[in-house]
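# Structural overview for review
The primary structure of each chain is shown beneath.
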Amino acid sequence: MNDELNHLLARTVQGRVSRRAFMGRAAAMGVTAAMANTLLATSLRAQEPVKGGTLIMGLGGGESTNSLDPALAASQVPFHVLRTTGESLVDTAADGALEMRLAESVESTPDAKTWMFKIRKGVEFHNGATLTPDDVLKTLQRHSDEKAQSGALGIMQGIESMKVDGDYVSVTLGTPNADLPYLMGDYHLMIQPGGGIETPADGIGAGAYKIVTDEPGVRHVFEKHANYWDSSRGHYDRVEFIVINDATARMAAVQSGQVHIANRVEPKVAGLLARAPGLEVKNVAGRGHYVFIMHCNTAPFDNKDLRLALKYAIDRQEMLDKILMGYGTIGNDIPINAAYPLFDDSLPQREFSVEKAAEHYKASGHDGSPIILRVSDVAFPGAIDAAALFQQSAQKAGIPLQIEREPGDGYWSEVWNKQPFSASYWGGRPVQDQMYSTAYQSSADWNDTRFFNDEFDTLLLQARGELDEAKRKATYAQMAAILHEEGGLICPMFNDFIEAVSNKVQGWEANGVQEVMNGLAPHKTWLA
Amino acid sequence: MNPILKLLVQRIALGLVLLFAASVLIFVGTTILPGDVAQNILGQGATPQALENLRAQLGLNDPAYVRYFNWLGGVLQGDLGTALTNGQDIATSMGGRLWNTLFLAFWAAVVSVPLAILLGLIAVRYRDRWPDKVISTITLATVSVPEFLLGYIAIFLLSVTFPIAPSLAMINDSMSLGAKLQAISLPVLVLVLTVLGHMMRMTRAAILNVMQSAYIETAELKGLRPFTVIARHALPNAIAPVVNVVMLNMAYLVVGVVVVEVVFVYPGMGQYLVDHVAKRDVPVVQACGLVFAAVYISMNILADVISILTNPRLRHPK
């Protein structure tokens, strides 16, 4: 069967092409109606997982410097390695719900200060040891220790005490936090035997695959863990990650069939790649977003009118179309979108308006000296072009924006979070509370907009301790409104996760928590 | 003492001095890079306490010259240290990468050097006629196109449009020699095209220079075939400049192929070095720099020695 017919078939099964259109185009390719019908029926039946085979993923975002220590993971490839070999207590499902993994259930005291995780029984690590609540406790303790340099240290710092209580591990917080279970799904917090205290980088976890070859920055090979506890996941015998940091090489590899899945497809090639036979481009709305950030405590951005002028002077739709080629969604000057649980969509969308921008600019009384915006290509892909678009739209409102190009080297240590007006990006967080407390709470280390608002802080703490979801949603809406109006954040767009996936890969799910199905492609897909 | 032996010892001693000077330069260069290792390892979210701990652990608080001599002492004992970022032994992890780089460079050289010399001879034989022009045009074109573009063109034509060679040059120890050679076919092709022009033109120019000599005329008058005149009489006397340019290109094949490695995802030294530069992993950068300097210096010594040995005037100085 030729590639084009296969491609058509796959799209029909996914409902992107109608049955009638399929029959018509199949006939055009010289396939009889009876034959086309049989093909379609076979394809529709082929939705049962098939066991075995080797999945090869070509991934950007890995370095020779990567370690297997879960605490130290920071880029994409280590993330995928951990998601493939490890298992955490809980996970965030595609719809934002909490999914139980190594914890069977979770309960809390009514004040949301103490949380009890019931640890699953009969789970085996790759080294044959059985999971105990003690392993969980030790893992959490290791990540709480500053010496471990864990990426999850921020999460762990809120914990006052932890203990094992029979089959339970209980965690007591200093202040109430209704979102604690979500935080335990952080990808650094993979449970290791003995907490990984002795050998943190041995790669032994409780996930569906065990690592057999580890060449950082080159490739990682995994084999199925025979005694994996969850039979609904992990269909492959073998999984291979090839680190391909060069975007063109990655696209060539997936086009020539050397890898089944390639991550980080650039928006500008996504449309072209989608036309290639034998593969499909999958995009899903994510929580990551591109931002321009102003320091609310530094002149001239300490003037609310000037901030509003700049917010009105940006053409979000144009930026989405030209920078992301439409592979994204429009931002609304808050770091939260519909992908988050408890999102309130009643906040009106801020539109590009020359009149309002000019009006606020006049009200700000700015002396007309150029407003310097610092950008670099590393801020986000296309940041320099985005800044140029911003400059042009601001000019229409008479706002003199001046672009300063900064070197990518040292951008994160010298410009971001230091200079008063710069471009940057944020990856998503599992819950609203974490996003706000990472970057918008007055006391946050990463308060990159220097946003100090007592009312906002009070509401944040109030929502955190509130177990009633309706009330929390209302509080979050209030906070969003404050940030939308007062904040130093200009958020033009949320970027999609875009991946190129071979037609041979079945069982793909849209999951925008993190890229490549939140790292679950090796677990949930199979080869046809 | 035999003058040739003396010369060899002299050259090698000079090379070592040069290598020492290079090590100082590498160390100074890596120390004045902007940014701080601890900051780069821990990322934007590092707390001051964590930064301080890591700095103390890595010995970053010592003065630079103390760190330099500690490092030099280790290197002299064959200990390149451990990578700051992932704690792996540098000698072990770099060894595999270096081997891969040499493997690729070796096969590129095996193809390109004889080919370049042969094409140079042909170009001289048919000087200013169409074979010369075709060879010159094509090699000039391939040497002028940036190698990443050549790489992408090769991938587009040979692995996407007509899938005959893999676009990923992934090799590992479990592969047979044949499988490895197939995997590296495209990078070898690109490297050959990149270095061919330079070597071929140098060969052509050097031989043409010799062709003006009286003894060539004699050889022609003896009635020798033109190709024999070139290969037997002209080439040996043009060896010195040819060897020099060949060695320069061989050194380039080892230290300058980072772009080709990235395009073809080849696990060689270049990518390894770039990753560690980005993370300010100073010991690894220093070790790579030292290896690259050693390759360059030894290739140049080799070129010098060969030119001297092939030149009787230099072999028997008055």
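Going by what an unreviewed UniProt entry lists, chain B is known as ABC transporter permease and is assigned to Cereibacter changlensis JA139. Its UniProt record gives chain B a comment under Sequence similarities (unreviewed entry), which states: "Belongs to the binding-protein-dependent transport system permease family." In UniProt, chain B has this text filed under Subcellular location (unreviewed entry): "Cell membrane".

Within an unreviewed UniProt entry, the label attached to chain A reads Peptide ABC transporter substrate-binding protein, and the organism entered is Cereibacter changlensis JA139.

### A closer look at the overall build of chain B
In terms of helices and strands, chain B carries 16 helices and 0 strands. The principal-axis extent of the C-alpha atoms belonging to chain B is close to 85 × 60 × 35 Å. Taken across its 318 residues, chain B has 44% of its residues classed as buried. The contacts in chain B between residues at least 6 apart in sequence include a share of 72% that link residues at least 24 apart. Of the roughly 15900 Å² that chain B leaves accessible, carbon and sulfur atoms contribute 68%. A distance of 16 Å separates the average location of the 20 positive side-chain charges in chain B from that of its 15 negative side-chain charges.

### Points about the confidence of the model for chain B
For chain B, the mean per-residue pLDDT works out to 85, and 95% of the residues sit at or above 70. The ipTM, which scores confidence in the relative placement of chains, is 0.73 for this predicted complex, and the corresponding pTM is 0.81.

### Thoughts on the side chain of Ser502 of chain A
By the secondary structure assignment, Ser502 of chain A is in strand 17 (residues 489-502). In this view, Ser502 of chain A contacts His260, Gly278 and Leu279 of chain A; residues no more than four positions away in its chain are not counted.

### Topic: the domain arrangement of chain A
All names here are of chain A. Under the domain assignment, chain A is made up of domain 1 (3-46), domain 2 (54-60 + 207-285 + 497-527), domain 3 (91-196) and domain 4 (289-495). Its C-alpha centre places domain 2 at a distance of 28 Å from the equivalent point of domain 3. Between domain 2 and domain 3, the residue contacts involve 14 residues of the former and 13 residues of the latter. Counting the surface lost from both domain 2 and domain 3, the interface buries some 1100 Å², and carbon and sulfur atoms represent 48% of this. When residues of domain 2 are sorted by the area they lose upon contact with domain 3, His225, Trp229 and Arg233 head the list and together hold 47% of the total. Applying the counting rule to domain 2 against domain 3 returns 2 salt bridges.

Calculation criteria
- Residues numbered from 1 in each chain as written.
- Chains lettered and ligands numbered in written order.
- Predicted model: local features only at pLDDT ≥ 70, side-chain atom pairs only at ≥ 80, totals over all residues.
- Heavy atoms only, no water.
- UniProt positions renumbered as here; feature names shortened; annotations may be inferred.
- Helix = DSSP H or I, 4+ residues; strand = E, 2+ residues; numbered from the N terminus.
- Buried < 20%, exposed > 50% of the residue type's maximum accessible area, 1.4 Å probe, protein only.
- Contact = heavy atoms within 4.5 Å.
- Areas by Shrake-Rupley, 256 points an atom, 1.4 Å probe, with all protein chains shown as cover.
- Lys, Arg positive; Asp, Glu negative; His and termini not counted.
- Charge placed at Lys NZ, Arg CZ, Asp CG, Glu CD.
- pLDDT = per-residue confidence, 0-100.
- Domains from an automatic or database assignment.
- Buried area = accessible area lost by both parts, 1.4 Å probe.
- Salt bridge = Lys/Arg side-chain N within 4 Å of Asp/Glu carboxyl O.

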